[in-house]
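Observations on chain architecture
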Amino acid sequence: AQSVTQPDIHITVSEGASLELRCNYSYGATPYLFWYVQSPGQGLQLLLKYFSGDTLVQGIKGFEAEFKRSQSSFNLRKPSVHWSDAAEYFCAVGSGNTPLVFGKGTRLSVIA
Amino acid sequence: DAGITQSPRYKITETGRQVTLMCHQTWSHSYMFWYRQDLGHGLRLIYYSAAADITDKGEVPDGYVVSRSKTENFPLTLESATRSQTSVYFCASSAGSNQPQHFGDGTRLSIL
């Protein structure tokens with residue numbers, strides 16, 4: 001069965017600094033990969049998705065993620081973080097006909 | 001407006017009572033999902049449905065009942081609520097099992 005690991009429970013970055021959130025998955029074939037963001041009191045919003053093709057995927061709000069098959073990773077990046085990016089971020093993996101599996105999330109705090 | 005709507009947004013009830021959380025989507029998505037979100041556990045899948053009249057258990061189905069008589073609705077019922085079911089519940093829908101899921105804003109349920 002596939003699984004998703006987000007090693008960092010909480011990350012704090014300064015506004016304007018770069019960001020990388022880690023996501024590792026376990027699955028034999030090429031998975032479908034997603035990143036979601038959740039602001040307080042709201043549901044999850046899709047940031048970006050990878051199905052196939054170019055391994056560098058662009059998403060909304062200036063985020064991007066890179067699929068690295070050799071490392072079983074799909075890390076999320078942003079070159080310059082804004083205070084409004086403070087939220088919870090979830091990585092998810094899908095395969096076959098089973099529902100997506102979500103990681104436990106990484107909480108991002110942004111300081112001035 | 002197209003989207004996914006959960007009701008109520010907040011609910012307080014007592015142990016032993018039956019409570020139903022509603023979920024309605026306007027995209028005609030075939031798949032619908034119910035999750036609960038608890039601190040330290042991330043999102044856990046309760047039940048999902050691939051189409052009307054087809055439902056399957058997720059990771060934590062005990063104590064919950066679902067039905068799906070119409071494509072657009074997917075109610076979740078707690079037949080006899082327990083304190084351990086205090087949580088935030090999210091409904092989601094997608095066009096396919098591996099397609100991006102679209103989330104509602106959640107129902108915060110407190111069981112006293």
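To keep things clear, this report deals only with the structure shown in the data block. Nothing here was measured: the structure is a model prediction, and the numbers come from that model.

1. Quick look at the overall build of chain B
What chain B contains, in helices and strands, is zero helices and 11 strands. When its helices and strands are written in sequence order, chain B yields β-β-β-β-β-β-β-β-β-β-β. The C-alpha radius of gyration computed for chain B amounts to 13 Å, which stays within 12% of the reference 13 Å derived for 112 residues, consistent with globular compactness. The principal-axis extents of the C-alpha atoms in chain B amount to approximately 35 × 30 × 30 Å. Across chain B, contacts joining residues at least 24 apart in sequence account for 56% of those joining residues at least 6 apart. Across chain B, the mean location of the 10 positive side-chain charges is 6 Å away from that of the 10 negative side-chain charges.

2. A look at the pairing of strand β5 (residues 42-51) of chain B
Residues and elements named next belong to chain B. Along β5, eight of the 10 residues are buried, which leaves the element largely enclosed by surrounding structure. Sheet topology note: the strand β4 (residues 31-38)/β5 ladder contains seven bridges and is antiparallel. What sits directly across from Met-32, in β5, is Ser-49. Connecting β4 to the next strand, β5, in antiparallel fashion are three residues, including Gly-40 with a positive phi near 85 degrees. Hairpin connection, β5 to strand β6 (residues 54-57): the antiparallel pair is bridged by two residues, and Asp-53 has positive phi, about 70 degrees.

3. A few points about the sheet that holds strand β3 (residues 19-25) of chain B
Residues and elements named next belong to chain B. Ordered in space as β1-β3-β8-β7, the four strands form an open sheet in which the pairing is antiparallel. In the strand order of this sheet, the two ends are held by β1 (4-7) and β7 (64-66), each with one partner. Within this sheet the neighbouring strands show an average axis-to-axis angle of 15 degrees, counted without direction. The pairing of β7 with strand β8 (residues 76-78) spans three bridges and is classified as antiparallel. Residue pairing in the sheet places Val-66 in a bridge with Leu-76 of β8.

4. Concerning the state of the cysteines
Within this structure, the stated rule accounts for two disulfides over all chains. Here Cys-23 of chain A engages in a disulfide with Cys-91 of chain A; their sulfurs sit 1.9 Å apart. Disulfide Cys-23 of chain A-Cys-91 of chain A: torsion about the S-S bond near -65 degrees, hence left-handed. Linking Cys-23 of chain A in the loop between β3 (19-21) and β4 (24-26) with Cys-91 of chain A in strand β10 (residues 87-95), this pair joins segments that are 68 residues apart in sequence. There is no split in this pair, since Cys-23 of chain A and Cys-91 of chain A are both buried. Here Cys-23 of chain B engages in a disulfide with Cys-91 of chain B; their sulfurs sit 1.8 Å apart. Around the S-S axis, the bridge from Cys-23 of chain B to Cys-91 of chain B shows a dihedral of about -75 degrees and counts as left-handed. With Cys-23 of chain B in strand β3 and Cys-91 of chain B in strand β9 (residues 87-94), this residue pair connects regions lying 68 residues apart in the sequence. Its relative accessible area of 2% is what places Cys-23 of chain B among the buried residues.

What counts as what
Residues numbered from 1 in each chain as written. Chains lettered and ligands numbered in written order. Predicted model: local features only at pLDDT ≥ 70, side-chain atom pairs only at ≥ 80, totals over all residues. Heavy atoms only, no water. Helix = DSSP H or I, 4+ residues; strand = E, 2+ residues; numbered from the N terminus. Rg over C-alpha atoms; globule rule 2.2 N^0.38 Å. Contact = heavy atoms within 4.5 Å. Lys, Arg positive; Asp, Glu negative; His and termini not counted. Charge placed at Lys NZ, Arg CZ, Asp CG, Glu CD. Buried < 20%, exposed > 50% of the residue type's maximum accessible area, 1.4 Å probe, protein only. Pairing = 2+ DSSP bridges. Axes fitted to C-alpha atoms, helices over the stretch in contact; angles between N-to-C directions. Disulfide = S-S within 2.5 Å.

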